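# Architecture at a glance
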Amino acid sequence: MVTGGCPPLVPLAPHPDGGVAVSMVTNGGVTLEDMLGFVAALALVIGGVMPTGLSPAPLVLVVEEAVPLDVLITFCTFWCPRNTSVNQNKSEMENLRNENNFQKIPSIELPDDLFEKSLDPWKFSLIRRLDLQKIKFVDVAIILRSQWKLQGDCRLIPLGRGFFTIKLDNEQDKQLIKSQRWEVLNQILQVRNWIYNFRPASQRTSKAMVWVRFPGLGLEFWNESILFKICREFGTPIKIDNATSRCEVGYYANVLVEVDFAQHIPNKVWIGTKCGFFFQDVLIPDCPKYCSNCKIVGHLNTES
């Protein structure tokens, strides 16, 4: 932890997911650029001295976050403190590297025309993630292709950690996929626009879609509006299954809900009507892997 002045930085332990846990306290008035610059510089000068560029002010800022190491290095490459030129900043960072026996990192700047040309083939693409623990990606591609009626070419490209890119070649197909709900073995495909330099390892979320059961709930409550109202107390309801909508089996109502596992998830809810009140059990029979240390879905505490 660093306070005002320029004391040596305290070495920080690597984060389990490959990042660095950063904690900063400074008596300086900082902008976002200053903060990112400090975090970036910290990755390269652990054990050295605090970088300059923070102007004194009666403000205390605390930043504590797990930042992937490649992101820190990227920030450092482009960081330029206020009131300093790019050349001065490069010289300062080079000195810091030399002083702390860091190996020189090559820096490559791509020409704008070359970069823009590389982006063009992906301008109609989309990105999404599914839980692939119980289904093969090749089967996902088959199921989705059978549902979509596309005009142009389409490629589904796996990226790791359940993420994949949907590469399209026209705006009509893109809007078709975005405008409707698609289902893959009780999973709902919710797509997002493609972004450049998308890295699955940098995606951190504590949310996941899970089926929530309400065992023993009276059939008169098996109405989508009622079930959705209950589920909004702990998540975002997506859909009820066919057996629930048709009241085929009365053991439990089943609702697909997007749940934030970093928040409290109740095992009971209190339901009131004009005829009386009662407790209702809430069950999630198939929870995803969740690490309470990292606050992300994808692995367990014992696997971090």
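Model, not experiment: these values are computed from the prediction.

### Remarks on the overall build of the chain
On a plain count of helices and strands, the chain comes out with eight helices and 15 strands. By residue count, 35% of the 304 residues in the chain fall in the buried class. For the chain, long-range pairs separated by at least 24 residues make up 65% of all intrachain contacts whose partners lie at least 6 apart in sequence. Approximately 18200 Å² of the chain is accessible, and the part contributed by carbon and sulfur atoms is 54%.

### Comments concerning the nonpolar core
Core analysis: the largest hydrophobic core is formed by 24 residues, its most contacted members being Val212, Phe214, Phe234 and Val255. Looking at this core, the elements with two or more residues in it are strand E9 (207-215), helix H7 (224-231), strand E11 (252-260) and strand E12 (268-273). Excluding its chain neighbours within four sequence positions, the residues that come into contact with Val212 are Phe234, Ala253, Asn254, Val255, Val257, Val282, Leu283 and Ile284. Ile135, Ala141, Ile177 and Val184 belong to the second-largest nonpolar core, a separate cluster that totals 18 residues.

### So, a nonpolar patch on the surface
On the surface, Ile108, Leu110 and Leu114 cluster together into a nonpolar patch covering about 330 Å² of accessible area. Taking relative accessible area as the criterion, Ile108 reaches 66% and is therefore assigned exposed.

### Examining the pattern of salt bridges
Going through the model one piece at a time under the given rule, you end up with five salt bridges. Lys134 serves as the salt-bridge partner of Asp286, at 2.2 Å between the closest nitrogen and oxygen. Residue Asp286 is found in the loop between strand E13 (276-281) and strand E14 (290-291), and its partner Lys134 is found in the loop between strand E3 (126-129) and helix H5 (137-147); the two are separated by 152 residues along the sequence. In this structure Lys134 comes out as exposed when scored by relative accessible area, which is 64%. Ionic pairing is found between Glu183 and Lys239, a salt bridge with its closest N-O pair at 2.6 Å. Remark: Lys239 occurs in strand E10 (residues 235-240) and Glu183 occurs in strand E6 (residues 182-184); sequence separation between them is 56 residues. Take Glu183: its relative accessible area is 28%, and that puts it in the partly exposed class.

### Considerations on the environment of Asn193
Note that Asn193 resides in strand E8 (residues 192-193). The class for Asn193 is partly exposed, based on a relative accessible area of 36%. For the pair formed by Asn193 and Leu126, sequence separation is 67 residues and the distance between their alpha carbons is 4.7 Å. Sequence-distant contacts of Asn193, that is, excluding residues within four places in its chain, are made with Ser125, Leu126, Lys174 and Lys178. Among the polar contacts listed, one links the side chain of Asn193 to the side chain of Lys178, at a separation of 2.9 Å.

### Some words on H5
When we look at burial in H5, the residues that qualify are Phe137, Val140, Ala141 and Leu144. What you see down the axis of H5 is that its buried residues fit within an arc of 100°, all on one side. The outward face of H5, more than 90 degrees from its buried face, is lined by the exposed residues Val138 and Ile142. Each element contacted by the buried residues of H5 is listed here: strand E4 (154-160), strand E5 (163-168), E6 and strand E7 (187-189).

### With respect to the pairing of E4
Here E4 runs beside E5; their pairing, made up of six bridges, is antiparallel. Each residue of the ladder has a partner; that of Arg155, found in E5, is Lys167. Hairpin connection, E4 to E5: the antiparallel pair is bridged by two residues, and Arg161 has positive phi, about 60°.

Analysis parameters
- Residues numbered from 1 in each chain as written.
- Predicted model: local features only at pLDDT ≥ 70, side-chain atom pairs only at ≥ 80, totals over all residues.
- Heavy atoms only, no water.
- Helix = DSSP H or I, 4+ residues; strand = E, 2+ residues; numbered from the N terminus.
- Buried < 20%, exposed > 50% of the residue type's maximum accessible area, 1.4 Å probe, protein only.
- Contact = heavy atoms within 4.5 Å.
- Areas by Shrake-Rupley, 256 points an atom, 1.4 Å probe, with all protein chains shown as cover.
- Core = buried A, V, L, I, M, F, W, Y, C linked by side-chain atoms within 4.5 Å.
- Patch = residues over 30% accessible without salt bridge, like charges linked within 9 Å, V, L, I, M, F, W, Y side chains within 5 Å.
- Salt bridge = Lys/Arg side-chain N within 4 Å of Asp/Glu carboxyl O.
- Polar contact = N/O pair within 3.5 Å; in protein donor to acceptor, adjacent residues only side chain to side chain.
- Arc of directions from axis to C-beta.
- Pairing = 2+ DSSP bridges.

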